[in-house]
Protein chains: 2
Amino acid sequence: MSHPALLTVGVLGGLGPEATLDFFSKVLEHTPAARDQDHLHLLIDNNPQVPNRNEAVAGTGPSPGPMLAEMAAGLEMAGADFLVMPCNAAHAYKAEVRAAAPRTPFVSIIAETVEATLERVPNLEVAGVLAASGCLDAGLYRQAFGSRGVQTVEPEGARREHFMALLYRIKSGDKGAEVCAGMQALSAELVLEGAQAVIAGCTEVPLVLGHEDLEVPLVNSTDALVNATIAYASGDRPLPERP
Amino acid sequence: MSHPALLTVGVLGGLGPEATLDFFSKVLEHTPAARDQDHLHLLIDNNPQVPNRNEAVAGTGPSPGPMLAEMAAGLEMAGADFLVMPCNAAHAYKAEVRAAAPRTPFVSIIAETVEATLERVPNLEVAGVLAASGCLDAGLYRQAFGSRGVQTVEPEGARREHFMALLYRIKSGDKGAEVCAGMQALSAELVLEGAQAVIAGCTEVPLVLGHEDLEVPLVNSTDALVNATIAYASGDRPLPERP
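Cut-offs used in this document
Residues numbered from 1 in each chain as written. Chains lettered and ligands numbered in written order. Predicted model: local features only at pLDDT ≥ 70, side-chain atom pairs only at ≥ 80, totals over all residues. Heavy atoms only, no water. Phe/Tyr/Trp six-rings, centres within 6.5 Å; stacked < 30°, edge-to-face > 60°. Lys NZ or Arg CZ within 6 Å of the ring centre and 35° of its normal. Least-squares fit on C-alpha atoms with pLDDT ≥ 70 in both. Contact = heavy atoms within 4.5 Å. Salt bridge = Lys/Arg side-chain N within 4 Å of Asp/Glu carboxyl O. Helix = DSSP H or I, 4+ residues; strand = E, 2+ residues; numbered from the N terminus. Buried < 20%, exposed > 50% of the residue type's maximum accessible area, 1.4 Å probe, protein only. Pairing = 2+ DSSP bridges. Axes fitted to C-alpha atoms, helices over the stretch in contact; angles between N-to-C directions. Buried area = accessible area lost by both parts, 1.4 Å probe. Nonpolar A, V, L, I, M, F, W, Y, C, P; charged D, E, K, R; others polar.

Chemist: Can you help me understand the packing of aromatic side chains in this one?
Modeler: Aromatic ring pairs are described here by two measures, namely the spacing of the ring centres and the angle between the planes. Scanning the model with the defined rule gives 5 aromatic pairs over all chains in all. We note Arg-237 of chain A situated over the ring of Tyr-232 of chain A; from NZ or CZ to the ring centre the distance is 5.3 Å.

Chemist: So what exactly am I meant to see when it comes to the relation of the copies chain B and chain A here?
Modeler: One chain copy maps onto the other through a rotation about an axis and a shift parallel to that axis. Superposing chain B onto chain A requires a rotation of 180° together with a translation of 0.0 Å along the rotation axis, leaving an RMSD of 0.0 Å. In the structure described here, the two chain copies are related by an operation that fits a two-fold rotation axis. Relative to the rotation axis, the C-alpha of Ile-44 of chain B is the closest in chain B, positioned 2.5 Å from it. Comparing contact sets, 100% of the residues at the interface of chain B also lie at the interface in chain A, consistent with an isologous, same-surface contact.

Chemist: Quick question: what am I supposed to make of the pattern of salt bridges here?
Modeler: Close approach of charged atoms allows side chains with opposite charge to pair. Under the defined criterion, the tally for this structure stands at 32 salt bridges over all chains. The closest approach of N and O atoms between Asp-223 of chain A and Lys-26 of chain A, which form a salt bridge, is 3.2 Å. Taken as a pair, Asp-223 of chain A in helix 10 (residues 221-233) and Lys-26 of chain A in helix 1 (residues 17-30) lie far apart in primary sequence, 197 residues in all. Residue Arg-169 of chain B is joined to Glu-178 of chain B by a salt bridge in which the shortest nitrogen-to-oxygen separation is 3.1 Å. Classification of Arg-169 of chain B by relative accessible area gives partly exposed; the value is 29%. Using a relative accessible area of 58% as the deciding quantity, one classes Glu-178 of chain B as exposed. Salt bridges sharing common partners tie together Asp-36 of chain A together with Arg-53, Lys-171 and Glu-204 of chain B.

Chemist: Please clarify how the sheet that holds strand 5 (residues 151-153) of chain B should be interpreted in this entry.
Modeler: The strands that make up a sheet are held in pairs by hydrogen bonds between backbone atoms, and each pair lies either parallel or antiparallel. Residues and elements named next belong to chain B. The parallel open sheet is built from 4 strands, whose spatial order is 5-4-6-7. A single partner strand is all that each edge strand has here, and the edge strands are strand 5 and strand 7 (218-220). Neighbouring strand axes in the sheet, compared pairwise and without regard to direction, differ in orientation by 30° on average. Taken together, the 3 bridges between strand 6 (residues 197-200) and strand 7 define a ladder with parallel strand orientation. Bridged to Val-198 within strand 7 is Leu-218. Helix 9 (residues 177-192) rests against strand 4 (126-130), strand 5 and strand 6 of the sheet, and its axis sits at about 160° to strand 4.

Chemist: I'm lost on the pairing of strand 6 of chain B in this one. Help?
Modeler: For a regular strand, the rule is simple: side chains alternate between the two faces of the sheet. All names here are of chain B. On strand 6, burial covers both faces: Ala-197 and Ile-199 on one face and Val-198 and Ala-200 on the other are all buried. Alignment of strand 4 against strand 6, held across 4 bridges, turns out to be parallel. Residue pairing in the sheet places Ala-127 in a bridge with Ala-197 of strand 6.

Chemist: What is the right way to read the sheet that holds strand 5 (residues 151-153) of chain A from this model?
Modeler: Residue and element names in this part refer to chain A. Read from one edge to the other, the open sheet built from 4 strands follows the order 5-4-6-7, with strand pairing classed as parallel. Edge positions in the sheet fall to strand 5 and strand 7 (218-220), since each has one partner strand and no second. Pairwise comparison of adjacent strand axes, ignoring direction, gives a mean angle of 30° for this sheet. Strand direction decides the pairing type here: strand 4 (residues 126-130) and strand 5, joined by 3 bridges, are parallel. Pairing of Gly-128 across the sheet is with Val-153, part of strand 5. In the packing of helix 9 (residues 177-192) onto the sheet, contacts are made with strand 4, strand 5 and strand 6 (197-200), and the angle to strand 4 comes to roughly 160°.

Chemist: When you look at the interface of chain B and chain A in this model, what are you seeing that I'm missing?
Modeler: Interface extent is often summarised as the accessible area lost during association of the parts. The interface of chain B with chain A comprises 33 residues on the first partner and 33 residues on the second. Approximately 2600 Å² of surface area, both sides summed, lies buried where chain B meets chain A, with 55% of it carried by carbon and sulfur atoms. Scanning the region where chain B abuts chain A turns up 4 salt bridges. The shortest N-O distance in the salt bridge between Lys-171 of chain B and Asp-36 of chain A comes to 3.0 Å. Mapped by element, the contributors of at least two residues to the side of chain B that touches chain A are helix 1 (17-30) and strand 2 (42-46) of chain B. With 7 residues, the top contributor of residues to the side of chain B that touches chain A is helix 1 of chain B. Taken together, the residues of the side of chain B that touches chain A sort by class into 16 nonpolar, 12 polar and 5 charged. Here strand 2 (residues 42-46) of chain A pairs with strand 2 of chain B via 5 bridges, running antiparallel. Its bridge partner being in strand 2 of chain B, Leu-43 of chain A is matched across the sheet by Asp-45 of chain B.

On their own, these measurements won't tell you what the molecule is for.
Structure (structure tokens):
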């Protein structure tokens, strides 16, 4: 078996590193392969030194844009055929990534997750979004779903603070029962507010929340990006046009 | 907490991809970190299209040397401060990697595993080596242990063929009970032949064999490389001199 058509995937990673590891692991798991050479060529820049995305969107920390741009340029130079970034909030800086790698299509986790949600729930009216403050403040899912006529409900106020506290516990390695229960409670609130599907719109969320924890479909943004990555790299789906 | 001294690690990966994932996962697990920014910057070229190392050493397939050299040069250009390669057999092509990245120290999994074994069993006389045919044929552990006055015992003949069959099953995703039992039996044979420690000298072996499966110490080459990588990157240990 030979794969002349397999494309090389550039990964803007380390945002955080656990999410990149999860993405890498799932790409391997879902790629049909009988031997090493059937797997995808991934160029992973796992750079955890990128400034905090949520603090940057809130205006309390430096922008991750310049470092993400540098990573994108490096991956383009190293031969990536398209770029992915397994971090939802970092997509607030998508324009800088695109500008720094002008020849290389960028596959958005936000756009792929919205498509995956609409495939799963075709008559969707309200989507619940479990995402970090940077992703919510930048309106990434609100705008992407809005352009498809879908409203969003999101954790607000104290609930958003609770979400962020859970998120930082996951990032520090805590995936224990209390964190899982907290995430489950937050998703249940969104369902009470009318969500017909819940988006795990932060790559750390699926590390502690599973399909079995919810009454409505849970759409995992990492899975959506994994499936899209394999489909684009193997030529099963044409790459998105440059905007 | 700021880490001006953290070095960037270049990873020649994809040999196979599961072993690279295991390496990445263990680096994250063993790095002391409370937040993303405490983790290491890893540039991972996960390139599973590198020709089969064992066929190449046996003279039945093309050399992986040129592709490994290209990867090393790319990682050096991308800013790696030192290089690692989580694949034992590929170290038969170490000279080509070093020549292609002349400014960048290369940390050998073979050398680090020998040191880790001698730390663990200081009076070691005989080491058992569970490794792929390419690694054994190239004499990588035999020479490295020999220079420290340690003899090696290795699977020969039908046992080596059995090892290779198990290895390709692991690479195709089979980590079931039969594969684990087969690997355990092969390691027990080496102990019967006098091994006072057994080297998991192929990055796939630790995926199916644990410390609890053996009567003598099992030294995991992936763990030895992980510990060395973290120590070098964090400045706890000075990088090896260029030869």
